[in-house]
Amino acid sequence: MNNPVIIVGAGLSGLRAASLLTAQGIECKVLEVRDRIGGRILSTLSPNRPELGKFDLGPTWFWPQYERTITNLVQELQLETFDQYTKGAMLFERFQNQPPERYIPPEHSVQRSMRFTGGIQSLIEAIAGTLPPGIVELKTRVTAIQLDDSGSITIEADLTGGQKREFLASAVILALPPRLVARHIDFFPALSPELIADLVNKPTWMAGQAKAIAIYEHPFWRESGLSGFVSSWAGPLQEIHDASPDTGAGALFGFFGMSAKVRRELGEDKILEQVIDQLVRLFGPSAKKVSAVLYKDWSRDTETAVAEDSAPLQNFPSYGQPPKAGVWGNKIIFAGTETSSEFGGHLEGALQSAEQAALKITTLRRFYS
């Protein structure tokens, strides 16, 4: 096992696994197809007003009361967090042509959730800061993984400009959505039909969704005793929350009720026009005075979603570890939030899967040493 461990994917799971392995003195390398780290974690500055702060276009929250892995990591990395704003009344919108209903939730009925000061990208950057230089290679698309008779692993990757490169590995951690593994990476020998079916049947969390964020000079809705939380049957946003930074600017973000197909047909300009119209219906004329509107349709992100992810989820997916990899044995290890049976779809699941992957590697190292 002299070759490094290769980790495919520089999202939360991949980076955390690399951090844990390097802390144990195990050589590893992270290959990432994007030109940035973070995967589905994406914090973006307001384009024309960067001083207003960073806003999360991917995951936003964690729940410290029952997610201990991320809570402990936040403390370990000394990251600043703050409580999601939930004070005041919520709004319920049944129809576009009727005023929304105002509702004050019972005390303590809303679970406490936490956000990261400076956006959740701060967590990614802090984990990356624990890695030695040169471990992460961006713009590197893994296309094939080959296991020879001697147990050696060769990874083939495409680089920018049409170049190709091979990497030798002692083991591979696949820290990316299972459907991307099944659809975009060739294995020699081939993965079993049972394993491929399991990977394809695990919907990529968040991949069918889109997120819109309206940014304001200040959170004006709080002055009217509103929390910013909205549930809507009218749309286009089905669920809206206060996305304001801990100080200064205001922001409202929402998830869409419309499918990826409908969003594609409407186009971004029309969608955002409808978003602002809805916010004005809900929060009054002040909602029209936006500093910027951010939009990310994850179903259009080919490094996140495949065609199957465009279908709306009917139920919460059944997540967990895939079945045994047959002849590949412990040479490939799956990580990522979709491989967590208890916290699938959460940051907590991504971190727990990274810990489990790193533990498998360190256990194998001890066995063979």
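Quick note: structure is the one above.
The following paragraphs examine the structure supplied in this document. (Residues numbered from 1 in each chain as written. Predicted model: local features only at pLDDT ≥ 70, side-chain atom pairs only at ≥ 80, totals over all residues. Heavy atoms only, no water.)

Taken N-terminus to C-terminus, the directions of helix α1 (residues 12-23) and helix α3 (residues 121-128) make an angle of 30 degrees; their axes are 9 Å apart at the nearest point. If you check the angle between α1 and α3, you find them roughly parallel. Crossing of α1 against α3: the hand is left-handed. Of α3, the residues touching α1 (which contributes Leu12, Leu15, Arg16 and Ser19) are Leu123, Ile124 and Ile127. (Axes fitted to C-alpha atoms, helices over the stretch in contact; angles between N-to-C directions. Helix = DSSP H or I, 4+ residues; strand = E, 2+ residues; numbered from the N terminus. Parallel < 35°, antiparallel > 145°, perpendicular 65-115°, else oblique. Left-handed = near helix turned anticlockwise from the far one by under 90°. Contact = heavy atoms within 4.5 Å.)

This brings us to unusual backbone geometry. The peptide bond linking phenylalanine 188 to proline 189 adopts the cis configuration, its omega dihedral lying at 0 degrees. Cis rather than trans, the peptide bond between glycine 235 and proline 236 has omega equal to 10 degrees. Within the secondary structure, proline 236 sits in the loop between β16 (226-232) and β17 (237-242). In the Ramachandran plot, lysine 139 falls in the positive-phi region, its phi being about 55 degrees despite a non-glycine side chain. By the element assignment, lysine 139 lies in the loop between β9 (136-137) and β10 (140-147). Look at lysine 139 and you get partly exposed, because its relative accessible area is 44%. The phi torsion at methionine 206 lies on the positive side, around 80 degrees, for a residue other than glycine. Turning to its location among the elements, methionine 206 is positioned in the loop between α5 (193-200) and β15 (210-216). (Buried < 20%, exposed > 50% of the residue type's maximum accessible area, 1.4 Å probe, protein only.)

Topologically, leucine 176 is positioned in the loop between β13 (171-174) and α4 (178-184). Classification of leucine 176 by relative accessible area gives buried; the value is 17%. Residues leucine 176 and alanine 350 lie 174 residues apart in sequence; the distance between their C-alpha atoms is 10.0 Å. Discounting chain neighbours no more than four positions away, the residues touching leucine 176 are Val8, Val181 and Ala335.

Attention shifts here to the packing of helix α2 (residues 68-77) against α3. Think of two packed helices as two axes; the pair is described by the angle between the axes and how far apart they sit. Their axes nearest at 11 Å, the elements α2 and α3 cross at an angle of 65 degrees. In the crossing of α2 with α3, the sense of the turn from one axis to the other is left-handed. Contacts between α2 and α3 pair Ile70, Leu73 and Leu77 from the former with Leu123, Ala126 and Ile127 from the latter. Here the residues of the contact of α2 with α3 sort into six nonpolar, no polar and no charged. (Nonpolar A, V, L, I, M, F, W, Y, C, P; charged D, E, K, R; others polar.)

Moving on to the sheet that holds β16. Here we have seven strands laid out as an open sheet, ordered β7-β6-β16-β17-β18-β15-β19, and mixed in their pairing. Of all the strands in the sheet, just β7 (101-103) and β19 (292-297) have a single pairing partner and so form its edges. Averaged over neighbouring strand pairs, the angle between their axes works out to 20 degrees when direction is ignored. Looking at chain direction, β15 and strand β18 (residues 250-256) are connected through six bridges and run antiparallel. Its bridge partner being in β18, isoleucine 213 is matched across the sheet by phenylalanine 253. (Pairing = 2+ DSSP bridges.)

Right, let's get into the side chain of glutamate 93. Residue position: glutamate 93 is located in strand β6 (residues 89-93). Only 2.7 Å separates the side chain of glutamate 93 from the side chain of serine 232, close enough to count as a polar contact. Excluding its chain neighbours within four sequence positions, the residues that come into contact with glutamate 93 are Pro100, Ser231, Ser232, Trp233, Ala234, Gly235, Gln278, Arg281 and Leu282. (Polar contact = N/O pair within 3.5 Å; in protein donor to acceptor, adjacent residues only side chain to side chain.)

Any two aromatic rings considered together are summarised by their centre-to-centre distance and by the angle between their planes. A full pass over the atoms with the stated rule returns 14 aromatic pairs. An angle of 85 degrees between the planes, with centres 5.9 Å apart, marks the rings of phenylalanine 256 and tyrosine 295 as edge-to-face. Of this pair, phenylalanine 256 sits in strand β18 while tyrosine 295 sits in strand β19; the two residues are 39 residues apart in sequence, bridging distant segments of the chain. As far as the burial class goes, phenylalanine 256 and tyrosine 295 line up, both buried. Ring geometry for phenylalanine 316 and tyrosine 319: centres 6.1 Å apart, planes at 75 degrees, overall edge-to-face. Taken together, the aromatic side chains of Trp61, Trp63, Phe253 and Phe255 make up a single cluster linked through ring pairs. Above the face of the phenylalanine 253 ring, lysine 211 is positioned so that its terminal group lies 4.2 Å from the ring centre. One residue, lysine 296, lies across the ring of tryptophan 298, its end atom 4.7 Å from the ring centre. (Phe/Tyr/Trp six-rings, centres within 6.5 Å; stacked < 30°, edge-to-face > 60°. Lys NZ or Arg CZ within 6 Å of the ring centre and 35° of its normal.)

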